[in-house]
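# Coordinates in review
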Amino acid sequence: MSDVDPTPANARLLPDLASRALGGSVIYANDELFAERENLINPDPPRFSPRTFGHKGQIMDGWETRRRREPGSDHAIVRLGCAGIIRRIVVDTSFFTGNYPPEVSIHACGVEGYPDPAALASAEWTPVVARSAVAGDSPNEFAITAAERFTHVRLTILPDGGVARLRVHGEVLPDPRLLPATFDLAALESGATVIDASNRFYSSPNNLIMPGNPRSMGDGWETSRRRDDGNDWVVVALAGAGRIDLAELDTSYFVGNAPGWAALRDGADAVLLAKTALTPDTRHRFALAEEQAVEQVRLDIYPDGGLARLRLFGTLTTSARTALAERFLNHLPESQLLGVLVAAGVSSGEAQRLATSRAIATADLPEAARGQLTGIRGA
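Model, not experiment: these values are computed from the prediction.

Time to look at the layout of surface pockets. Gaps left between atoms show up when a probe the size of a water molecule is rolled over them. There is about 840 Å³ of room inside the largest pocket. Put simply, the parts of the chain that give the lining of the largest pocket at least two residues each are strand 5 (74-92) and strand 11 (165-172). If you tally residues by element for the lining of the largest pocket, the top one is strand 5, at three residues. Looking at the lining of the largest pocket residue by residue, the class counts come to 13 nonpolar, eight polar and 10 charged. Counted as a void, the second largest pocket has a volume near 590 Å³. Lining the second largest pocket are 25 residues, and of these A83, Y114, R149, D175 and L178 sit closest to its centre. Sorting the residues of the lining of the second largest pocket by element identifies strand 5 and strand 9 (149-158) as the ones contributing at least two each. At five residues, the largest contribution of residues to the lining of the second largest pocket is made by strand 5. Partitioned by chemical class, the residues of the lining of the second largest pocket number 12 nonpolar, seven polar and six charged.

Turning next to the packing of aromatic side chains. A ring pair, where both rings are aromatic, is described by two values, the distance of the centres and the angle of the planes. Inspection of the entire model under this criterion finds two aromatic pairs. Consider the rings of F48 and F95, whose centres lie 5.5 Å apart with planes at 15°: the pair is stacked. Taken together, the residues F48 in the loop between strand 1 (25-29) and strand 2 (53-54) and F95 in the loop between strand 5 and strand 6 (103-109) connect sequence positions 47 residues apart. Given a relative accessible area of 34%, F95 falls into the partly exposed group. Across from the ring centre of W125, 4.6 Å away, lies the NZ or CZ of R154, which sits over that ring. Of note, K275 hangs over the ring of Y302, and the distance from its end group to the ring centre comes to 4.3 Å.

It is the contact of helix 4 (residues 334-343) with helix 5 (residues 348-357), at a shortest axis distance of 9 Å, that shows an interaxial angle of 140°. In terms of their interaxial angle, helix 4 and helix 5 are classed as oblique. Taken as a pair, helix 4 and helix 5 cross one another with a handedness that is right-handed. Contact residues: helix 4 offers E334, L337, L338, L341 and V342, while helix 5 offers S348, A351, Q352, L354 and A355. When its residues are assigned to classes, the contact of helix 4 with helix 5 shows seven nonpolar, two polar and one charged.

On to the pattern of salt bridges. Under the defined criterion, the tally for this structure stands at 26 salt bridges. The closest approach of N and O atoms between E112 and R177, which form a salt bridge, is 3.1 Å. Remark: R177 occurs in the loop between strand 11 and strand 12 (183-184) and E112 occurs in the loop between strand 6 and helix 2 (117-120); sequence separation between them is 65 residues. Across the pair R265 and D269 runs a salt bridge, and its minimum N-O distance is 2.5 Å.

On the secondary structure map, N206 appears in the loop between strand 13 (193-197) and strand 14 (221-222). Classification of N206 by relative accessible area gives buried; the value is 8%. Discounting residues that sit within four places of it in the chain, N206 has contacts with L13, L14, P15 and V194.

Moving on: the nonpolar core. L155, L166 and L264 are the most contacted members of the largest nonpolar core, which has 71 residues in total. The next biggest cluster of nonpolar side chains, apart from the first, holds 15 residues, and it includes L329, L332, L337 and L354.

Side chains of residues three or four places apart in an α-helix project in the same direction, reflecting 3.6 residues per turn. Burial in helix 6 (residues 367-374) covers these residues: A369, L373 and T374. Take helix 6 and look down its axis: the buried residues cluster within an arc of 110°, on one side only. In helix 6, the exposed positions that point more than 90 degrees away from the buried face belong to E367 and A368. Along its buried surface, helix 6 packs onto helix 3 (318-330) and helix 4. Directly after helix 6, the chain includes G375, whose backbone phi takes a positive value near 80°.

Reading guide: rules and limits
- Residues numbered from 1 in each chain as written.
- Predicted model: local features only at pLDDT ≥ 70, side-chain atom pairs only at ≥ 80, totals over all residues.
- Heavy atoms only, no water.
- 1 Å grid on protein atoms, 1.4 Å probe; cavity = no way out; pocket = protein on both sides within 12 Å on 5 of 7 lines; lining within 4 Å.
- Points joined across faces, edges and corners; volume = space filled by probe spheres on them.
- Helix = DSSP H or I, 4+ residues; strand = E, 2+ residues; numbered from the N terminus.
- Nonpolar A, V, L, I, M, F, W, Y, C, P; charged D, E, K, R; others polar.
- Phe/Tyr/Trp six-rings, centres within 6.5 Å; stacked < 30°, edge-to-face > 60°.
- Buried < 20%, exposed > 50% of the residue type's maximum accessible area, 1.4 Å probe, protein only.
- Lys NZ or Arg CZ within 6 Å of the ring centre and 35° of its normal.
- Axes fitted to C-alpha atoms, helices over the stretch in contact; angles between N-to-C directions.
- Parallel < 35°, antiparallel > 145°, perpendicular 65-115°, else oblique.
- Left-handed = near helix turned anticlockwise from the far one by under 90°.
- Contact = heavy atoms within 4.5 Å.
- Salt bridge = Lys/Arg side-chain N within 4 Å of Asp/Glu carboxyl O.
- Core = buried A, V, L, I, M, F, W, Y, C linked by side-chain atoms within 4.5 Å.
- Arc of directions from axis to C-beta.

Here's what the structure looks like:
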């Protein structure tokens, strides 16, 4: 997948890499006396019930620290559900009016594995949002220009206060070492992305390619009712060029508003799945006979309605897998890249040279390293 256009309008449509729905986690906060840190990554919009008090005061749907009586600041660390390139961050202070932080800053890092907060203290943290003023009861938006692939973000609030949600919009960039031979090429966590859709009225088409089974009708893609002779559609750029063996179209929870029919075509408008009747509240599976590699898929639904999930199981081509590995390596923060190369068998001197050049081609790596970093046996 090529880099997404990072313009603000486009970045708003990118998935929230920090969301609990993608597996994000708030692994540390130095203080959460008034409201729990986990609220930061709740995928639902923040809510407020006035004059709803608990033992510690008004119950707030966000992360809120106590009032500081000494110099300093508060911070929380979020492990992204999917590592990737961050394009936009929203520090949402909804319903925090007299208790929001006047300023924030945000740093990010890219590391191997699942380090605990103590280990992250020595990580290479990159500033992505300089110390900036924020408004209360507002979605404070920041465009991000850093090009590295990050795994964690650290939100600092100065000096204290409350934040309802932290949204980290970006492009998923998967680790090719962790991708099996056959997988869902349309999965968001594998690097697929929605590049266009006819209608986003009720919910985002990104829901189609989210991990896990749907939890409700609201956890899918639903369009408004059409009053013309057309139909709705969505285009998905796959994790890379590959051959699709199996398609799954899931209408779970869509009972009176499932599409009547659906079809699949590739980027060259070749038919992958002819127009086929769908049943409400059902996982449909179809074996596909297409032998050619596909980079994009267009899903047409007739005439409108809702779909919970789209799964396209298949295998990447060798060239696509190689391109993914090179993009992964060239976007890693330098300290992580050095560790990855050395662990794959590259000498420390050569790893340093490659990390400095920022133009790594897998063909230049030792054979054993190529196999590890691309996931291609005998590479």
